Every structure is written in C-alpha cells, then in structure tokens.
Amino acid sequence: MNLRVVIPIAEGFEEMEAVTCVDILRRAGFTVVVAGIGPAPVRASRGLRVVPDADWEAVRSESWDLIVLPGGAAGVQALSASASLRAFLLDRHQQCQRIAAICAAPGLLAELGILEGRRVTAFPGVLDPQCPSYRLVDAPVVVDGPVITSRGPGTALDFALTLVELLAGTPRRRDTEAPLQRPLESPR
C-alpha cells in the first residue's frame, strides 16, 4: 500500500505543524511530498527555512490520498492566494476526498465552504463559534467524514497520528507511535 500525501507550504507556515506531519507520515511509510507555493526555500513563521520537495504547480495534478494544510496565519494567507490550490481543494471536496487542516488552515476551508455542515476545530479565533454553517468543537482533533481538523502546534502530533490511523488503520498508528516513547498519561 503506497499512500501518497501532499503538504503545500507557503511563506509564514507554522513549522511545528508541517514538520511534525511530514515526519510522522513518513515514519508510517507514506510517500509525502512537501510542495512549495512561491520561491524556495520557504521561510516558516519562526524563521526556519525549508526546501520543498517539489513546486506545487508541478505536482498538483498528481493523484493524492490526502492533502494536509499546515497553519500559520501568514502561510494560510499565502496558500489562500493560490488559485490552483483553491481549485484543487474544491475539487477534492466535491469528490469527497480527504482534506486535513490544522491551526489557521481550517479558516481557508471555511472560506471555500468545505466546512459546511461539519464538526470542526481550529486555532482559537480562526473560526466563528456562532457560524451556523459548521459546529465548532473544543477538541484537539476532529474527524468529520473526509475533513480532518486540528487546533494548533500542540496538537500536531495527535493530528498526524490520527491521519496515519485514518489512512492505514490502528495497527499502523500503533507501530508508528510506539518508537516515539510518548507517555500514556500526561505528567502531573
């Protein structure tokens, strides 16, 4: 099973979210392509520079099992400015294909109408809690059909492991998570 994931990044992306997802998904054995929107290297929100594996325009027409949108307010604004990414997301939505977004990125999905009728989460203040078109949930990760959302950098590991489980099952998640030496309970 060769599962393929694309993670588009743009200037100002949140590095913890992007790098954690890339790392965990690759540990799970997936093919993960970091696709840059704009010139490389791409500078993250805290100054980390990342050289993408490919340019977004070169890989957008390929077949993907999942797209993961990292947050970072400036990064999401830059992603939103890409007409081809917006069209790609709308096409995936119409075909009920998986779309994952963390932190500020669910705001882009809301803007496109992809969150309509769904339970979702996001970084506080990104989504309107009174919006009648979706139900904002106070949870680290929310899965509602093909749309997976998460809150922010602190939930990135749980978000990535949830994506592994959704794509390849609970045993693959366990095999990926075990070497990480995560505590079963939070320290007190």
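Everything numeric in this text was worked out from a predicted model, so none of it was measured.

A. Fine view of the pattern of salt bridges. This model, assessed by the stated rule, comprises 13 salt bridges. Glu-62 is the partner of Arg-4 in a salt bridge, and the nearest nitrogen-oxygen pair spans 2.8 Å. Of this pair, Arg-4 sits in strand E1 (residues 4-10) while Glu-62 sits in the loop between helix H2 (56-59) and strand E6 (66-69), and the two are 58 residues apart along the sequence. When its relative accessible area of 22% is taken as the criterion, Arg-4 is described as partly exposed.

B. Seen up close, the state of the cysteines. Tallied over the full model, the rule gives 0 disulfides. Left without a disulfide partner, Cys-21 is nearest to the cysteine sulfur of Cys-103, which lies 11 Å away. Classification of Cys-21 by relative accessible area gives buried; the value is 1%. As a non-bridged cysteine, Cys-131 has Cys-103 as the owner of its nearest cysteine sulfur, 19 Å distant. Overall, the relative accessible area of 21% leaves Cys-131 in the partly exposed class.

C. Looking closely at the packing of helix H6 (residues 156-168) against helix H7 (residues 170-177). Orientation of H6 relative to H7, taken along the N-to-C sense of each, is 140 degrees, at an axis distance of 7 Å. When you trace H6 past H7, the crossing you get is right-handed. Residues Asp-158, Leu-161, Thr-162, Val-164, Glu-165 and Ala-168 of H6 lie in contact with H7, whose contacting residues are Thr-170, Arg-172, Arg-173, Thr-176 and Glu-177. A class-by-class count of the residues in the contact of H6 with H7 yields 3 nonpolar, 3 polar and 5 charged.

D. Just the sheet that holds E1, in detail. With mixed pairing, 7 strands are arranged side by side in an open sheet as E5-E2-E1-E6-E7-E11-E10. The outermost strands of the open sheet, each flanked by one partner alone, are strand E5 (54-55) and strand E10 (141-144). As judged from the 2 bridges shared by strand E2 (residues 31-37) and E5, these two strands associate in the parallel manner. Its bridge partner being in E5, Ala-35 is matched across the sheet by Ala-54.

E. Local environment of the pairing of E1. Burial analysis of E1 places 6 of its 7 residues in the buried class, which makes it a mostly covered element. Traced from E1 through helix H1 (residues 15-27) to E2, the parallel crossover comes out right-handed. Bridge count between E1 and E6: 2 bridges; the pairing is parallel. Its bridge partner lying in E6, Val-6 is registered against Ile-67.

F. Structural view of the nonpolar core. Counting residues in each nonpolar core, the largest one holds 31 residues, and the members touching the most others are Val-5, Ile-7, Leu-25, Phe-30, Val-68 and Phe-159. Within the residue set of this core, elements represented by two or more residues are E1, H1, E2, E6, strand E7 (99-102) and H6. With 7 residues, the single largest contributor to this core is H6. Once residues within four sequence positions are removed from consideration, Val-68 is found in contact with Val-5, Val-6, Ile-7, Pro-8, Cys-21, Leu-25, Ala-100, Phe-159 and Leu-163. Among the nonpolar cores identified, the runner-up in size contains 30 residues, and Val-33, Ile-67, Phe-88 and Leu-89 belong to it.

G. Representation of the packing of aromatic side chains within the structure. One pass over the full model with this rule turns up 1 aromatic pair. Centroid distance Trp-56 to Phe-88: 5.1 Å. Interplanar angle 90 degrees. Geometry classified as edge-to-face. Placement of the pair is Trp-56 in helix H2 and Phe-88 in helix H4 (residues 83-94), with a sequence separation of 32 residues. Judged on exposure class, the residue Trp-56 and its partner Phe-88 are both buried. The side chain of Arg-4 reaches across the aromatic face of Trp-64, ending 4.2 Å from its centre.

Rules of the game
- Residues numbered from 1 in each chain as written.
- Predicted model: local features only at pLDDT ≥ 70, side-chain atom pairs only at ≥ 80, totals over all residues.
- Heavy atoms only, no water.
- Salt bridge = Lys/Arg side-chain N within 4 Å of Asp/Glu carboxyl O.
- Helix = DSSP H or I, 4+ residues; strand = E, 2+ residues; numbered from the N terminus.
- Buried < 20%, exposed > 50% of the residue type's maximum accessible area, 1.4 Å probe, protein only.
- Disulfide = S-S within 2.5 Å.
- Axes fitted to C-alpha atoms, helices over the stretch in contact; angles between N-to-C directions.
- Left-handed = near helix turned anticlockwise from the far one by under 90°.
- Contact = heavy atoms within 4.5 Å.
- Nonpolar A, V, L, I, M, F, W, Y, C, P; charged D, E, K, R; others polar.
- Pairing = 2+ DSSP bridges.
- Right-handed = clockwise from strand over helix to strand, strands pointing away.
- Core = buried A, V, L, I, M, F, W, Y, C linked by side-chain atoms within 4.5 Å.
- Phe/Tyr/Trp six-rings, centres within 6.5 Å; stacked < 30°, edge-to-face > 60°.
- Lys NZ or Arg CZ within 6 Å of the ring centre and 35° of its normal.

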